[in-house]
Amino acid sequence: MNIVVEFFVVTFKVLWAFVLAAARWLVRPKEKSVAGQVCLITGAGSGLGPLFALEFARRRALLVLWDINTQSNEETAGMVRHIYRDLEAADAAALQAGNGEEEILPHCNLQVFTYTCDVGKRENVYLTAERVRKEVGEVSVLVNNAGVVSGHHLLECPDELIERTMMVNCHAHFWTTKAFLPTMLEINHGHIVTVASSLGLFSTAGVEDYCASKFGVVGFHESLSHELKAAEKDGIKTTLVCPYLVDTGMFRGCRIRKEIEPFLPPLKPDYCVKQAMKAILTDQPMICTPRLMYIVTFMKSILPFEAVVCMYRFLGADKCMYPFIAQRKQATNNNEAKNGI
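Residues numbered from 1 in each chain as written. Predicted model: local features only at pLDDT ≥ 70, side-chain atom pairs only at ≥ 80, totals over all residues. Heavy atoms only, no water.

**Topic: the pairing of strand β6 (residues 236–243)**
Thought 1: A large share of β6 lies buried, amounting to seven of its eight residues.
Thought 2: Of the strand pairs in this sheet, strand β5 (residues 190–195) and β6 are connected by six bridges, and their pairing is parallel. Directly across from I192, in β6, lies its bridge partner T238.
Thought 3: Between β5 and its parallel partner β6, the chain crosses via helix α6 (residues 208–230), and the hand of that crossover is right-handed.
Thought 4: As paired strands, β6 and strand β7 (residues 286–289) are joined by four bridges and run parallel to one another. Bridging from a neighbouring strand, C242 pairs with C288 of β7.
Thought 5: The handedness of the β6 to β7 crossover, carried by helix α7 (residues 269–281), is left-handed. (Buried < 20%, exposed > 50% of the residue type's maximum accessible area, 1.4 Å probe, protein only. Helix = DSSP H or I, 4+ residues; strand = E, 2+ residues; numbered from the N terminus. Pairing = 2+ DSSP bridges. Right-handed = clockwise from strand over helix to strand, strands pointing away.)

**Some details on the side chain of N169**
Thought 1: Within the element layout of this structure, N169 appears in helix α5 (residues 159–187).
Thought 2: Only 2.8 Å separates the side chain of N169 from the backbone nitrogen of V148, close enough to count as a polar contact.
Thought 3: Beyond its immediate stretch of four places on either side in the chain, N169 contacts A146, G147, V148, Y210, S213, K214 and V217. (Polar contact = N/O pair within 3.5 Å; in protein donor to acceptor, adjacent residues only side chain to side chain. Contact = heavy atoms within 4.5 Å.)

**Quick word on the UniProt feature "transmembrane region" (unreviewed entry) in the chain**
Thought 1: Here the UniProt feature "transmembrane region" (unreviewed entry) sits at residues 7–27 and 33–54.
Thought 2: Within the segment residues 33–54, helix and strand shares are 27% and 23% respectively, and the terminal C-alpha atoms sit 15 Å apart. (UniProt positions renumbered as here; feature names shortened; annotations may be inferred.)

**Some details on helix α9 (residues 305–315)**
Thought 1: Taken together, the buried positions of α9 are V308, V309, M311 and Y312. Relative to the axis of α9, the buried residues are bounded by an arc of 165° and lie together on one face. Projecting away from the buried face of α9 at angles above 90 degrees are the exposed residues E306, C310, R313 and F314.
Thought 2: On its buried face, α9 is in contact with α8 (292–302).
Thought 3: Directly beyond the C-terminal end of α9, a positive phi value near 75° is found at G316. (Arc of directions from axis to C-beta.)

**Regarding the packing of aromatic side chains**
Thought 1: In total, this model carries six aromatic pairs according to the counting rule given.
Thought 2: Between F174 and W175, the ring centres sit 6.4 Å apart and the planes meet at 55°, which makes this aromatic pair tilted.
Thought 3: Here W175 falls in the buried class, since its relative accessible area comes to 16%.
Thought 4: Through a chain of ring-to-ring contacts, the aromatic side chains of Y126, F174, W175 and F220 assemble into a single cluster. (Phe/Tyr/Trp six-rings, centres within 6.5 Å; stacked < 30°, edge-to-face > 60°.)

**Describing the side chain of R60**
Thought 1: Relative to the helices and strands, R60 resides in the loop between α2 (49–58) and β2 (62–67).
Thought 2: For R60, a relative accessible area of 17% puts it in the buried group.
Thought 3: A polar contact of 2.7 Å, which involves the side chain of R60, links it to the side chain of D91.

**Remarks on empty space enclosed by the protein**
Thought 1: With the rule as written, the count across this model stands at one cavity of 30 Å³ or more.
Thought 2: Taken together, T42, V119, N144, N145, A146, V168, A172, H173 and T176 form the lining of the largest cavity.
Thought 3: At four residues, α5 tops the list of elements feeding residues into the lining of the largest cavity.
Thought 4: Here the residues of the lining of the largest cavity are counted per class, giving four nonpolar, five polar and no charged. (1 Å grid on protein atoms, 1.4 Å probe; cavity = no way out; pocket = protein on both sides within 12 Å on 5 of 7 lines; lining within 4 Å. Points joined across faces, edges and corners; volume = space filled by probe spheres on them. Nonpolar A, V, L, I, M, F, W, Y, C, P; charged D, E, K, R; others polar.)

Here you go:
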């Protein structure tokens, strides 16, 4: 194709992409069904993990829950089973009432499987993935949600904790994707969800390891998405989730300027997950919550660095993590004193 003609074709496609994006704001696309599909969630025992599990359970997905903490993982599974029982009761009532026109997924197909897995260890991921394939089946929806934070200033952070943050928050996405993507490619069907953070798009002081891990996983996700497009595997969808500070306790104590806080409070976990689910089920490539994060990311990309520093200082975002780090340090010191270390 002549380069001039190709240029105009590309220009038209770019403009059309803007039109489609605007249309999504006005008319919400229909959500796809995940009923009967195997959905694997890492970090299912805490934070946003249990909420993702409950949302997929309500939509009749088969759940595979991974977490390093066996007890909390089983607690999430218990909540999922409770939802499955409610669905079974509703199905039975619908059948008894003679509403047989609607498709009802048999309760026997609604199952939840739990696996204790340290996603920061490559061998553990591959071995557990093989067990899942044998015991459950092929994974259709992969939600990479597991995450950790060290809570130390760079020069005070032990190297082992830095490595741990990188392994769990970033490297684990490589291992889980390599484990389950091949089958998705064979059948050209699947969905890979990357739960990152707004700190993977712009950074702040005091959490260098966390920001680096989230920046890394955002880069991984974007490159993977481009690779799937280049391979013309349009049946495999990807969604990048970048929320602002979520009130899960992970960053307890984090504070921005008190005058600004009422306008930008920490997100409620339920709200964050519900927004993410809307994006996943409508095959939205990326979601930032709240929408203000899109503007902040855009400004960070175009403004001079010193202007960004001024903006951070005005918002109180430059040292927002310092109270959180101080609390973590105090808690660590208290535990050490209690244990006689």
